[in-house]
Amino acid sequence: MNRLRIATRKSPLALWQTEHVAARLRDAHPGLEIELVPMSTRGDDILDRSLAAIGGKGLFLKELELAMQRGEADCAVHSLKDVPMVLDPGFTLPAILERGDHADAFVSNRYASIAELPAHARVGTASLRRQAQLRALRPDAVITDLRGNVNTRLAKLDADEYDAILLACAGLQRLGFDDRIRARLDAPEWLPAPAQGAIAIECRDDSPEIAALLAVLDHAPTRTCVEAERALNRRLDGSCHVPIAAFARLDGDRLHLQGLVGAVSDGHSLRARGDGDAAAPEALGERLADELLAAGARTLIAAS
């Protein structure tokens, strides 16, 4: 095939990610004509309620998947952390690109770190996972739900609606906002969302020609790590309704994984860590999830 239509959300970050994928595909397949199909999703349009309240991160995918089913697009580009742990029937992920920065970012115009925030500081984040980990460090913080694209969130910080906000480092870096990162929140003290920093390409599972075209961008080490993280989340029945974090690191033929289940109310959390054969990442993720469940994670999950 010599023409590929890629569905994408219209946000600046989503468009950057899709343009990045398009450039990589043009390099890999000289002569390939690529058309972007920008779309609005319910997750983008409904900003006055939390994602958990309106149905979860899967709302960012649904319209793009419908476009593929209608034959209006051949594939779609996503932030993998927004992709549900179980894809809808009929879809597959033939390519997961090399991961960018996995860490969260502390962003503030006045303060250099979470520790430097004044008492009862106003902190904005839409992520329950970030809220739970922040609550553990700063129980006094006034945490407010913050929705919208990266530019919108930065604008609200600059308008003095918050003392600080928490975002993903990868999103800031991809949009050229590296200098807004005051501190990286990183493992082992602070864990990211499963698959944070990774870009995935989705297509219909009955399109082998398209899948083969896209598979040249698949980065095996990244896929190994995110499969472990997503397996942990899936075993815990995780979604944006539950504060779950996971981070895997590959070291030769061994895979090291850390996982966390937290509580937004008081910051209490359960953690597990372990390593296993890199050839069986999902088994490692499921094993750590079972350890968290045995330690009482189901109670925290039920309370979320």
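Since the structure is predicted, the reported quantities are computational estimates derived from the model, not experimental observations.

Undergrad: For this particular structure, what's the right way to read the overall build of the chain?
TA: The helix and strand tally for the chain stands at 11 helices and 13 strands. Over its C-alpha atoms the chain spans a radius of gyration of 19 Å, differing by no more than 12% from the 19 Å that the globule rule assigns to 304 residues. For the chain, the C-alpha atoms occupy an extent of roughly 60 × 45 × 35 Å along the three principal directions. Buried positions account for 55% of the 304 residues belonging to the chain. The contacts in the chain between residues at least 6 apart in sequence include a share of 70% that link residues at least 24 apart. If you sum the accessible surface of the chain, you get close to 12700 Å²; carbon and sulfur atoms cover 50% of it. The distance from the centre of the 37 positive side-chain charges to the centre of the 44 negative ones in the chain is 3 Å.

Undergrad: Looking at this structure, I do not really get the packing of helix α9 (residues 220-235) against helix α10 (residues 281-294). What am I missing?
TA: Contact pair α9 / α10: the axes reach a minimum separation of 7 Å and the direction vectors enclose 35°. The chirality of how α9 crosses α10 is right-handed. Residues Thr-224, Glu-227, Ala-228, Ala-231, Leu-232, Arg-234 and Arg-235 of α9 form the contact with α10, whose participating residues are Pro-281, Glu-282, Gly-285, Glu-286, Leu-288, Ala-289, Asp-290, Leu-292 and Leu-293. Across the contact of α9 with α10, the residue classes tally to eight nonpolar, two polar and six charged.

Undergrad: Where do I start with helix α5 (residues 128-137) in this structure?
TA: The buried count for α5 comes to seven of 10 residues, which makes it a mostly enclosed element. Considered for burial, the residues of α5 that qualify are Arg-129, Arg-130, Gln-131, Ala-132, Gln-133, Leu-134 and Arg-135. The N-capping residue of α5, defined by a side-chain oxygen 3.2 Å from the backbone nitrogen of Arg-129, is Ser-127.

Undergrad: What should I look at first to understand the pattern of salt bridges in this one?
TA: Close approach of charged atoms lets side chains of opposite charge pair. For the coordinates displayed, the defined rule picks out 27 salt bridges. A salt bridge links Arg-130 to Asp-104; its shortest N-O distance comes to 2.9 Å. One end of the pair, Arg-130, is in helix α5; the other, Asp-104, is in strand β5 (residues 104-107), and 26 residues separate them in sequence. Of the two residues examined, Arg-130 and Asp-104, each falls in the buried class. In this structure, a network of salt bridges that share partners links the residues Arg-110, Arg-122, Asp-160 and Asp-163.

Undergrad: Looking at this structure, I do not really get the nonpolar core. What am I missing?
TA: One recurring pattern in soluble globular proteins: nonpolar side chains tend to sit buried together. By size, the foremost hydrophobic cluster in this structure holds 22 residues, and its most contacted members are Leu-232, Leu-236, Leu-255, Leu-257, Val-261 and Leu-292. Listed by contribution, the elements that provide at least two residues to this core are α9, β11 (244-251), β12 (254-262), β13 (269-277), α10 and α11 (297-303). Element by element, the count of residues in this core is highest for α10, at four residues. Counting 19 residues, the second largest nonpolar core, distinct from the first, contains Ile-34, Cys-75, Ala-95 and Ala-211.

Undergrad: What exactly am I supposed to notice about the sheet that holds strand β9 (residues 183-185) here?
TA: One key point about sheets: their strands pair by backbone hydrogen bonds, in either a parallel or an antiparallel sense. If you walk across this open sheet you meet the five strands as β7-β6-β8-β5-β9, and the pairing is mixed. In the strand order of this sheet, the two ends are held by β7 (142-144) and β9, each with one partner. Here the average twist between neighbouring strands, direction ignored, is 30°. In the sheet, strand β6 (residues 122-124) pairs with β7 via three bridges, with the strands oriented parallel.

Undergrad: Looking at this structure, how should I read the sheet that holds β11?
TA: Read across the open sheet, the three strands follow the order β11-β12-β13; overall the sheet is antiparallel. In the strand order of this sheet, the two ends are held by β11 and β13, each with one partner. Within this sheet the neighbouring strands show an average axis-to-axis angle of 15°, counted without direction. Of the strand pairs in this sheet, β11 and β12 are connected by eight bridges, and their pairing is antiparallel. Paired with Phe-247 across the bridge in β12 is Gln-258. Relative to the sheet, α9 contacts β11 and β12, its axis offset from that of β11 by approximately 150°. α10 contacts β12 and β13 of the sheet and is inclined by roughly 150° relative to β13.

Scoring rules and cut-offs
- Residues numbered from 1 in each chain as written.
- Predicted model: local features only at pLDDT ≥ 70, side-chain atom pairs only at ≥ 80, totals over all residues.
- Heavy atoms only, no water.
- Helix = DSSP H or I, 4+ residues; strand = E, 2+ residues; numbered from the N terminus.
- Rg over C-alpha atoms; globule rule 2.2 N^0.38 Å.
- Buried < 20%, exposed > 50% of the residue type's maximum accessible area, 1.4 Å probe, protein only.
- Contact = heavy atoms within 4.5 Å.
- Areas by Shrake-Rupley, 256 points an atom, 1.4 Å probe, with all protein chains shown as cover.
- Lys, Arg positive; Asp, Glu negative; His and termini not counted.
- Charge placed at Lys NZ, Arg CZ, Asp CG, Glu CD.
- Axes fitted to C-alpha atoms, helices over the stretch in contact; angles between N-to-C directions.
- Left-handed = near helix turned anticlockwise from the far one by under 90°.
- Nonpolar A, V, L, I, M, F, W, Y, C, P; charged D, E, K, R; others polar.
- Polar contact = N/O pair within 3.5 Å; in protein donor to acceptor, adjacent residues only side chain to side chain.
- Salt bridge = Lys/Arg side-chain N within 4 Å of Asp/Glu carboxyl O.
- Core = buried A, V, L, I, M, F, W, Y, C linked by side-chain atoms within 4.5 Å.
- Pairing = 2+ DSSP bridges.

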